[in-house]
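# Structure assessment
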Amino acid sequence: GSGSGSGSRSVGPNGVDEDAIVLMFDNIADEDDPYVAGMEGISMLCDDLGIDALEDIRVLVLLWKLGANEKPAQISKEEWKKGCIELRVDSMAKFKALLPALDTGFLDRTEFKDFFKFCFQFNRQGTHRTLDKDLVTALIPMTLKDRVPSKRLSTFCDFLTESKDESYSRITLDQWTSFLDFCYEVEDIADYDEDTSAWPVLIDEYVEYLEELEKK
Amino acid sequence: MLDNGIKEGKTNMFGAKEYVTIYTTCYDMCTQRSPYNWSRDLYQRHGETIENYLTQTVLPALREKTGQGGTILLAELQHRWSNHQIMNKWLKKFFTYLDRYYVKHHSLPTLEQAGLRHFKSHIYDGTKAESAAAILSLINEEREGEIIDKTLVKSIVELYESMGMGGLEAYTADLESPLLDSTRDYYVKKRESWIVVDSTPDYLIKAERALAQEKNRVADYLNNASETKLLRVCEEELLEKVEMQLLEKEGSGCRVLLANDKSEDLRRMFTLFSRLEKGLNPMADIVQKFISSMGNDIIDKRKARLETEKDKNDDPKFVKSLIELHEKYLGVIKTDFAGHSLFQKALKDAFVEIVNKNVGQYTNAELMSTFCDRVLKSGGEKLSEAEVEENLDRIVQLFSYLTDKDLFAEIYRNQLAKRLLNQRSASDDAEKVMISKLKMQCGTHFTSKMEGMLADLAVGSDQKTEFDAKLKQHNSKLDFSVQVLTTGFWPTYKSPEVVLPEQMSTCMGIFKDWHENKHAKRKLAWIHSLGNASVRGTFGKKSYDMQVTTLQAVALDALNGGKTLTFTELAEKLNLEESVLKPLMHSLSCGKYKVVTKTPASNKINSTDSFKANPKFSSNMRKLRIPMASLDASHNTKRVEEDRSIAIEAAIVRIMKARKTLQHQQLIAEVLSQLAFFKPNPRVIKKRIEALIDREYLERSKDNNNQYNVSSPPPTVVLIGILALA
């Protein structure tokens, strides 16, 4: 019959090699679940790309662009396929070529907001809907570098670290996204009016903290 | 003949015969056909005659009297006016026929009107200023205490009134207006001298007198229409312009009067200032500040006491002082301020400020609840039924000013439970009365649990007889009764799973079976930390009836017969934790009645101690009550906080369900307005909003960070959960 030998490749829309895409995924897929690539596999991918899985924000940007939304700390096969097709990457070389474009500087405010939200969602652990404070103080400088004045970032992390409030040992999504909005909207805390603000109490208390610092 | 008639007419009255003659003459003259009809001429002649008479006779006479002093002028004017009225009257009578036909036919002023007009233009207009001045001068004399000829003044006033030709314009413009001005000047002078010299009460007495006098003056000889205007002038000058000075006068102002209980002076002040629009507001302000300061004094006294005395949840002195303060000023407002709403508000605002100022460890809500406990428990204050109700009434009034009413309710409920379960409530009726007073203040929901508790007890006593019969059947050696409590009505209590002596567990078993039979679906959970027992203890030759708790009875039973047990052994045998066993053993070995000996002896229980029944125990009393420290806190603060969180969330859900989208400040405002029993900080409300955002019931609006929307669609699970608790 008409043969499709091992040599023929399926070329999908966008002119990308879907089989190659699937093959790349199989390389990084979990041992127990071929449909999911967890942090181990993702680390391997990073190694191949020559970027630091833990420190380089481009990892998160990449996963975000690929659309790893279903569950934290992993990307599914479907998501991988769809994402790679959209990004038109079907080889390591193409991934490497993509790296410069993963700079967050290219994102406008709306896109960045979405990315920032993804950073939270992706970093959740297990069934938790919140992030541990320590993780937050690590992520904030990493994700918001160059987008938010560093003074703001460092004082916020100090504030969180120093806070003895039990309820701040975990940070919610609302608090996370509100912090970014706050940085955008309130550059000078003299403009901050707690009575009319709907900012989370965390932000109110952070502003109090900054005011105390100013006094000293 | 006419001329003569007039001249004569001014002094004599006409006889009937003469009258008829003249009348008929006129009639004849007017009824003839033209050119013999004399109507027009007669009319003209009438007018001319009067005119001539006035200008030639009356006016000179008046002129002669001017410059001789006001009264003389007035007297002459009165005389002339009186004459004129008579003349007018007779002329009108004579020439009635003219009036009836000629005047009407030609639409001319009537004879009477014509007569008046002539008087006005020839006499009145020329004299009115001077005579007004004369009158005003007389009035001022009268004000100074002189006696004046009121009749004379009154008749001149009548002249002014008549000169209005039916209206009051002449009076108003020519007499009243100058009167108001001169009155104003008069009282300005008076005020300026009084205000410097007189104390506020003295000044007010003078002002009151002045107002009364002016009112009488109007009644005596002025036109009624002047009363309001005249009094208004006095009020403005004597009261309004110096109100603040009077109220704040050093040594005699409003605050001083309050401080010295000057009831009559305060009453006068109130009556006078209520005449002014917004005259009472500054006064009510001072009253509020005064009551506040008295309240703050009471609070300061408590603060001072706490520096030397132990801080406890019971401070009857403090509560009584507040009640007394409240009662006192309730009375003052009623008697001195006619119960006026402005002053009631002043009292309320002052007390809201005072009652919510907490000092020390315990809130005023708790102090007030404990006060009720004293009133309601047996062996507390010795009060008659009427006194009890009075006290409760007054406490509820204070309670109405509390912001944290829910905290009061929680504490009250706990204390009520204690009273009920330990049978220390003095009167079931009194308990019901108090609950119904709270219900009236706050609604059914507020008191539903308390009422549930009372209901449980009522049911319990009903069922007791039935169960007693059952118990008899089983030949139990123990007298045993059970009180069933409905969960939710009562506070939650610790329930140690103590190991009970067999006799007790047998009784419990019998009850359990009986209860299950009656109420198959209900589940029973025993709370041994709450029960009471009566234990007959024989120490040597003497026996005592000891009123103890269930746990104490169990411990005594364990030590029966003279055994010695260590703390650890007891803990194991009875299956009790240290936190329970320690207070338990303390009550038996370190309290007033040391029925158990502790080795080594001390006032503190250590886990190394050992215990034995005290063979040397003796007391003069046969019946001993051996109290034990409560194992549960006085109330559950966490519970109150949790209930508040739920109430706030329920309010947010209710509001957002109706509005769908709402701006932040509006949401906060509406939540606050819906919460009747406590007032949370906006931050607390914000936290609940955040919680609802986290649970995905609410979301922040995408285009406006200050706005909230209900999530679409709202997760059903969350919604039901909240609404059930609402």
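Residues take numbers from 1 onward in each chain, read along the sequence in its written order. Each chain is given a letter, starting from A, and each ligand a number, starting from 1, according to the order in which they appear as written. With pLDDT at 70 or above as the cut-off, local features in this predicted model cover only qualifying residues; side-chain atom pairs require 80 or more to be listed or tallied, and sums for whole chains, interfaces and linings still use all residues. Side-chain measures were taken over the full set of non-hydrogen atoms in the model, leaving aside hydrogen atoms and water.

Only DSSP runs of H or I with at least four residues qualify as helices, and only runs of E with at least two residues qualify as strands; both kinds are numbered from the N terminus onward. On a plain count of helices and strands, chain B comes out with 29 helices and nine strands. With the radius of gyration taken over C-alpha atoms, the globule rule is written as 2.2 Å times the number of residues to the power 0.38. A compact globule built from 726 residues should have a C-alpha radius of gyration of about 27 Å, whereas chain B, at 46 Å, is more than 25% larger. Within the span of chain B, comprising 726 residues, buried residues form 44% of the whole. Pairs at least 24 apart in sequence give 69% of the contacts found in chain B among residues at least 6 apart. For the area figures, the Shrake-Rupley method with a 1.4 Å probe applies, and any residue is considered shielded solely by the protein chains shown. Within the structure as shown, chain B displays about 38,100 Å² of accessible surface, and the carbon and sulfur contribution to it stands at 50%. Lys and Arg are tallied as positive, Asp and Glu as negative. Neither His nor the chain termini are counted. A single reference atom marks each charge: NZ on Lys, CZ on Arg, CG on Asp, CD on Glu. Looking at charge distribution, chain B has the averaged site of its 105 positive side-chain charges lying 6 Å from that of its 98 negative ones. To sort residues, take the accessible area from a 1.4 Å probe on protein chains only and compare it with the maximum for the residue type: under 20% means buried, over 50% means exposed, and anything in between is partly exposed. Working rule for contacts: check all heavy atoms of both residues, and any pair within 4.5 Å makes them a contact.

Facing 20 residues of chain A, the contacting portion of chain B comprises 13 residues. The term salt bridge refers to a pairing of a side-chain nitrogen on Lys or Arg with a carboxyl oxygen on Asp or Glu at a separation within 4 Å. At the boundary of chain A and chain B, one finds seven salt bridges. Between R129 of chain A and D694 of chain B there is a salt bridge whose closest N-O contact spans 3.6 Å. At the level of elements, α9 (173–185) and α10 (201–215) of chain A are the ones that each hand at least two residues to the side of chain A that touches chain B. Here the side of chain A that touches chain B takes five residues from α9 of chain A, the largest share from any one element. Taken together, the residues that form the side of chain A that touches chain B break down as five nonpolar, six polar and nine charged. Only Asp, Glu, Lys and Arg are considered charged in this grouping, and only Ala, Val, Leu, Ile, Met, Phe, Trp, Tyr, Cys and Pro are considered nonpolar; every other residue, Gly among them, is considered polar.

This part takes up the nonpolar core. If you look at the biggest cluster of nonpolar residues, it comprises 87 residues, and the most contacted ones within it are M283 and F337 of chain B. The greatest single-element share of this core, amounting to nine residues, is contributed by helix α19 (residues 405–421) of chain B. Definition of nonpolar core: a set of buried residues of the types Ala, Val, Leu, Ile, Met, Phe, Trp, Tyr and Cys, connected through side-chain atoms within 4.5 Å. Counting 69 residues, the second largest nonpolar core, distinct from the first, contains V89, I140, L160 and F182 of chain A.

Right, let's talk about the sheet that holds strand β5 (residues 610–613) of chain B for a bit. Each strand in a sheet pairs with another by means of backbone hydrogen bonds, the pair being arranged parallel or else antiparallel. Residues and elements named next belong to chain B. Strands are labelled as partners when DSSP assigns at least two bridges between them. The strand order across the open sheet built from three strands is β3-β5-β4, with neighbouring strands paired in antiparallel fashion. In this open sheet, the two edge strands, each paired with only one partner strand, are β3 (564–566) and β4 (596–599). Each neighbouring strand pair of the sheet contributes to a mean axis angle of 25 degrees, computed without reference to strand direction. In the sheet, β4 pairs with β5 via four bridges, with the strands oriented antiparallel. The partner of T597 across the bridge, within β5, is K612. Sheet contacts for helix α25 (residues 578–589): β4 and β5; angle to β4, the most-contacted strand, approximately 115 degrees. As a rule, the C-alpha atoms of each element are fitted with a line to give its axis, helices using only the stretch in contact, and angles between N-to-C directions run from 0 to 180 degrees.

The next subject is the confidence of the model for chain B. Residue and element names in this part refer to chain B. Values of pLDDT, ranging from 0 to 100, describe the predictor's confidence in every residue of the model. With 95% of its residues at a pLDDT of 70 or more, chain B has an overall mean of 89. Counting contacts from residues 717–726, a segment whose pLDDT is below 50, to residues more than four positions away or on other chains yields 14 contacts. Interface scoring of the predicted complex returns ipTM 0.87; its pTM is 0.81.

Note that E158 of chain B resides in helix α7 (residues 150–162). Under the relative-accessibility criterion, E158 of chain B is labelled partly exposed at 38%.

A word on the layout of surface pockets. Its boundaries defined by the atoms lining it, the second largest pocket holds a volume of some 1,000 Å³. Of the grid points, spaced at 1 Å and generated over the protein atoms alone, those admitting a 1.4 Å probe that cannot get out make up cavities, while open sets with protein on both sides within 12 Å along at least five of seven lines make up pockets; any residue with an atom within 4 Å of a point is treated as lining. K117, L173 and T177 of chain A together with R700 and K702 of chain B are the residues nearest the centre of the second largest pocket, which is lined by 28 residues in total. When residues of the lining of the second largest pocket are traced back to their parent elements, those giving at least two are α6 (109–122) and α9 of chain A together with α28 (682–694) and β8 (698–700) of chain B. Residues that form the lining of the second largest pocket fall into these classes: five nonpolar, eight polar and 15 charged. Grid points are joined across faces, edges and corners, and a volume is the space filled by probe spheres set on the points.

Keep in mind that low pLDDT regions are not for reading the predicted coordinates in detail. The share of residues in chain A with pLDDT of 70 or more is 94%, and the mean pLDDT across the chain is 90. Taken together, the stretch residues 1–5 of chain A has pLDDT below 50 and engages in zero contacts with residues farther than four places along the chain or on a different chain.

Now for the sheet that holds strand β7 (residues 661–663) of chain B. Residues and elements named next belong to chain B. In spatial order, the strands read β7-β9-β8; together these three strands make up an open sheet with antiparallel pairing. Every interior strand has two partners, whereas the edge strands, β7 and β8, have only one. On average, each strand axis in the sheet is inclined to that of its neighbour by 25 degrees, with strand direction left out of account. The pairing of β8 with strand β9 (residues 707–710) spans three bridges and is classified as antiparallel. By the bridge assignment for β9, R700 is matched with Y708. Those strands touched by helix α26 (residues 637–659) are β7, β8 and β9, and its axis lies near 115 degrees from that of β7.

A few words on the packing of aromatic side chains. Residues and elements named next belong to chain A. Stacked, tilted and edge-to-face pairs are distinguished by plane angle, under 30 degrees for stacked and over 60 for edge-to-face with tilted covering the rest, among Phe, Tyr and Trp rings (Trp via its six-membered ring) whose centres lie within 6.5 Å. The full count for this structure, using the stated rule, is 38 aromatic pairs over all chains. Summarising the aromatic geometry, the rings of F120 and W176 are spaced 5.7 Å apart at their centres and angled 55 degrees between planes, so their arrangement reads as tilted. Taken together, the residues F120 in helix α6 and W176 in helix α9 connect sequence positions 56 residues apart. Residues F120 and W176 agree in their burial class; the two are buried.

Now for the side chain of T549 of chain B. All names here are of chain B. For T549, the position within the fold is in strand β2 (residues 542–549). On the accessibility criterion, T549 (16% relative accessible area) is buried. Residues contacting T549, with those up to four places away along its chain left out, are G531, N532, A533 and M628.

For the rest of this paragraph, the subject is the pattern of salt bridges. Applying the stated rule across the entire model yields 70 salt bridges over all chains. The closest approach of N and O atoms between D174 of chain A and R700 of chain B, which form a salt bridge, is 2.8 Å. Residue D174 of chain A is found in helix α9, and its partner R700 of chain B is found in strand β8; the two belong to separate chains. Like D174 of chain A, the residue R700 of chain B is buried in the burial classification. Here E353 of chain B makes a salt bridge to K357 of chain B, at a shortest N to O gap of 3.4 Å. Each of R184, R191, E192, R232, E235, E236, E237, E240, K241 and R275 of chain B takes part in a single network of salt bridges with overlapping partners.

Next up on the list: the pairing of β9 of chain B. All names here are of chain B. Residues Q707 and N709 of β9 are buried on one face, and the alternating residues Y708 and V710, pointing to the opposite face, are buried as well. Pairing geometry for β7 and β9, over three bridges, is antiparallel. Bridged to L662 within β9 is Y708. The turn joining β8 and β9, which pair antiparallel and follow one another in sequence, is formed by six residues.

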